[in-house]
Amino acid sequence: TGCLVANEIAKRGCVLMALWTKGFSEEMKTHVPQSAGTMHYFCEVDEQDSLDSTADAVRAAAQGRELAACVAGGEAGVDLADALSEKLGLRTNGTDIPNRRDKKIQQELVR
């Protein structure tokens, strides 16, 4: 799960920020698989009404810390992670390929 990836990133010395996508329930925000243990976030940010506003909120929440990556913690956050990482100038899968997670599109791209 995304929690396991995040914990591995934290073990390597990075500080974690949680960015919650719109519509993500309060209950799901507290769900952590038992195998992941406890999650420790430096801060938590909610997706804003626009990508620009979300990027501004993330930068402000970082309090001057360098942003190193934007990793989706689950399926609900993949599109936002792609767009936000692109907006923030981080390594990204980007948004150039519409529906890139569609298996048919993936098959066409590797031909």
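Before reading further, recall that the structure is shown in the block above.
Residues numbered from 1 in each chain as written. Predicted model: local features only at pLDDT ≥ 70, side-chain atom pairs only at ≥ 80, totals over all residues. Heavy atoms only, no water.

**Quick word on the overall build of the protein**
Thinking step 1. If you tally the helices and strands in the protein, you get five helices and two strands.
Thinking step 2. The order of α-helices and β-strands along the protein, N terminus first, is α-β-α-β-α-α-α.
Thinking step 3. Relative to the compact-globule value of 13 Å for 111 residues, the protein shows a C-alpha radius of gyration of 15 Å, a close match.
Thinking step 4. By principal-axis analysis of the C-alpha atoms, the protein measures approximately 40 × 35 × 30 Å.
Thinking step 5. Look at the contacts in the protein between residues 6 or more apart in sequence, and 53% of them connect residues 24 or more apart.
Thinking step 6. On the protein, roughly 7,800 Å² of surface is accessible, and the fraction owed to carbon and sulfur atoms is 49%.
Thinking step 7. In the protein, 13 side chains carry a positive charge and 17 a negative one; their mean positions are 6 Å apart. (Helix = DSSP H or I, 4+ residues; strand = E, 2+ residues; numbered from the N terminus. Rg over C-alpha atoms; globule rule 2.2 N^0.38 Å. Contact = heavy atoms within 4.5 Å. Areas by Shrake-Rupley, 256 points an atom, 1.4 Å probe, with all protein chains shown as cover. Lys, Arg positive; Asp, Glu negative; His and termini not counted. Charge placed at Lys NZ, Arg CZ, Asp CG, Glu CD.)

**Some remarks on the packing of helix H3 (residues 51-62) against helix H4 (residues 78-88)**
Thinking step 1. Where H3 contacts H4, the axes come no closer than 10 Å and their chain directions differ by 70 degrees. Taken together, H3 and H4 sit at an angle that is classed as roughly perpendicular. Contact residues: Leu51, Asp52, Thr54, Ala55, Val58 and Arg59 in H3; Leu80, Ala83, Leu84, Lys87 and Leu88 in H4. (Axes fitted to C-alpha atoms, helices over the stretch in contact; angles between N-to-C directions. Parallel < 35°, antiparallel > 145°, perpendicular 65-115°, else oblique.)

**Section: helix H1 (residues 2-11)**
Thinking step 1. Within the span of H1, buried status applies to Gly2, Cys3, Ala6 and Asn7. Angular distribution of buried residues about the axis of H1 spans 135 degrees; they occupy a single face of the element.
Thinking step 2. At the exit of H1 stands Gly13, carrying a positive phi of roughly 100 degrees. (Buried < 20%, exposed > 50% of the residue type's maximum accessible area, 1.4 Å probe, protein only. Arc of directions from axis to C-beta.)

**So, the pairing of strand E1 (residues 17-20)**
Thinking step 1. Taking every second residue as pointing to the same face, the buried face of E1 carries Ala18 and Trp20, while none of Met17 and Leu19 on the other face is buried.
Thinking step 2. As paired strands, E1 and strand E2 (residues 43-46) are joined by four bridges and run parallel to one another. Directly across from Trp20, in E2, lies its bridge partner Asp46. (Pairing = 2+ DSSP bridges.)

**Some words on the pattern of salt bridges**
Thinking step 1. For the coordinates displayed, the defined rule picks out nine salt bridges.
Thinking step 2. A salt bridge links Glu8 to Lys11; the nearest nitrogen and oxygen atoms lie 4.0 Å apart. Remark: Lys11 and Glu8 occur in helix H1; sequence separation between them is three residues, near one turn of the helix.
Thinking step 3. The exposure class of Glu8 is partly exposed, given its relative accessible area of 35%.
Thinking step 4. The class of Lys11 is exposed, set by a relative accessible area of 67%.
Thinking step 5. Residue Lys29 is joined to Glu26 by a salt bridge in which the shortest nitrogen-to-oxygen separation is 3.1 Å. Of the two residues, Lys29 and Glu26 both sit in helix H2 (residues 26-30), three residues apart, roughly one turn of that helix.
Thinking step 6. Members of the salt-bridge network, linked through shared partners, are Glu8, Lys11 and Arg12. (Salt bridge = Lys/Arg side-chain N within 4 Å of Asp/Glu carboxyl O.)

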